[in-house]
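Topology and contacts: notes
Chain by chain, the residues:
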Amino acid sequence: MGGVVTRYCATRDEVVNSKRVFDIIFAAIGIAVFAPAMLLIAIFILWDSGPPVVFTQERIGARLRQFRVYKFRSMHDGLVTRPGRWIRATGLDEVLQFFNVLRGEMSMVGPRPLTGEDLNRLGWVDNPVRRMLKPGVTGLAQLYAGRGSRQSGFLDSKYARQQSIWLDFKIISVSFAANVFGKRRVRQWLRSRRRRTG
């Protein structure tokens, strides 16, 4: 067209819509893949310490909207249970959050879902990343940072700048490895890989 090259740039709404479709597809796949593990975890929890199987807690999502997050219960009488140690080490306590994703309250990838008390304590109530992005079942901060708030904030901001469907797919793939091999082993591999690549 007259030698004029036009460059297409996705709008914010198009990015959000494509991410939502991605979330629905991968949450549904996650539920199907992890359904046998979910059943075994529920049986293990009931056998070890009885009901309830599911733990729910109020968290703060995008635009500071409140929602209830679902997790497998990992504690009893203030102590981590035997199945709790395993599901925490592998991240399998969080697979029920696929249902939060289907409900539109969370995304497959995003910042760690925090309580209102956490946001106030960290001074993140007005954090633009927290207001813009839905919390994620997994994310850069969940994979790399553990519980360090300073590094978590940096990684959340980095994800907000660089987010893409391809990045989400890579983060989900590494998170699946953590479910299989354990968070500690995968974090050690990520850190050693980052040191090698500079």
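Structural notes, computed from the coordinates. (Residues numbered from 1 in each chain as written. Predicted model: local features only at pLDDT ≥ 70, side-chain atom pairs only at ≥ 80, totals over all residues. Heavy atoms only, no water.)

1. Quick notes on the overall build of the protein chain
Along its length, the protein chain carries nine helices and six strands. Sorting the 198 residues of the protein chain into buried and exposed places 45% on the buried side. Counted over contacts in the protein chain with a minimum sequence separation of 6, partners at least 24 positions apart contribute 66%. Accessible area for the protein chain stands at about 11,900 Å²; split by element, carbon and sulfur atoms hold 59% of it. (Helix = DSSP H or I, 4+ residues; strand = E, 2+ residues; numbered from the N terminus. Buried < 20%, exposed > 50% of the residue type's maximum accessible area, 1.4 Å probe, protein only. Contact = heavy atoms within 4.5 Å. Areas by Shrake-Rupley, 256 points an atom, 1.4 Å probe, with all protein chains shown as cover.)

2. Re a nonpolar patch on the surface
A grouping of Val21, Ile25, Ile29, Val33, Phe176, Val180 and Phe181 is seen on the molecular surface, where their side chains present a nonpolar patch of about 660 Å² in accessible area. Listed by contribution, the elements that provide at least two residues to the nonpolar patch are helix H1 (12–49) and helix H8 (165–181). Per element, the largest residue contribution to the nonpolar patch is four residues, and it comes from H1. Tracing the backbone shows Phe176 in helix H8. (Patch = residues over 30% accessible without salt bridge, like charges linked within 9 Å, V, L, I, M, F, W, Y side chains within 5 Å. Salt bridge = Lys/Arg side-chain N within 4 Å of Asp/Glu carboxyl O.)

3. Examining the side chain of Arg73
Within the secondary structure, Arg73 sits in the loop between strand S2 (66–72) and strand S3 (75–76). Buried charge without a partner: Arg73 forms no salt bridge, and the closest opposite charge is Asp48, 6.5 Å away. Of the polar contacts made by the side chain of Arg73, one reaches the side chain of Ser49; its length is 2.9 Å. Polar side-chain contacts of Arg73 include one of 2.5 Å to the backbone oxygen of Pro52. If sequence neighbours within four positions are ignored, Arg73 has contacts with Ile45, Ser49, Gly50, Pro51, Pro52, Val53, Val54, Phe55, Thr81 and Ile87. (Lys, Arg positive; Asp, Glu negative; His and termini not counted. Polar contact = N/O pair within 3.5 Å; in protein donor to acceptor, adjacent residues only side chain to side chain.)

4. Details of the packing of aromatic side chains
Scanning all chains against the criterion turns up six aromatic pairs. For the pair Phe34 and Phe176, a centre-to-centre distance of 6.1 Å together with 65° between the ring planes defines the contact as edge-to-face. Of this pair, Phe34 sits in helix H1 while Phe176 sits in helix H8; the two residues are 142 residues apart in sequence, bridging distant segments of the chain. Every member of this aromatic cluster is reached through a ring pair, and the members are Phe22, Phe26, Trp166 and Phe169. (Phe/Tyr/Trp six-rings, centres within 6.5 Å; stacked < 30°, edge-to-face > 60°.)

5. Quick notes on the pattern of salt bridges
The full count for this structure, using the stated rule, is seven salt bridges. Put simply, Arg103 and Glu105 hold a salt bridge, and the shortest N to O gap is 3.0 Å. By relative accessible area, which is 17% here, Glu105 ends up buried. Arg121 is the partner of Asp118 in a salt bridge, and the nearest nitrogen-oxygen pair spans 3.0 Å. With Asp118 and Arg121 both in helix H4 (residues 116–122) and three residues apart, the pair spans about one turn of that helix. By relative accessible area, Arg121 is classed as exposed at 60%.

6. With respect to unusual backbone geometry
In this model, Pro51 is joined to Pro52 through a cis peptide bond whose omega is 0°. Relative to the helices and strands, Pro52 resides in the loop between H1 and strand S1 (54–60). The backbone phi angle of Arg63 is positive, close to 60°, even though this residue is not glycine. Residue position: Arg63 is located in the loop between S1 and S2. Even without being a glycine, Leu64 presents a positive backbone phi close to 60°.

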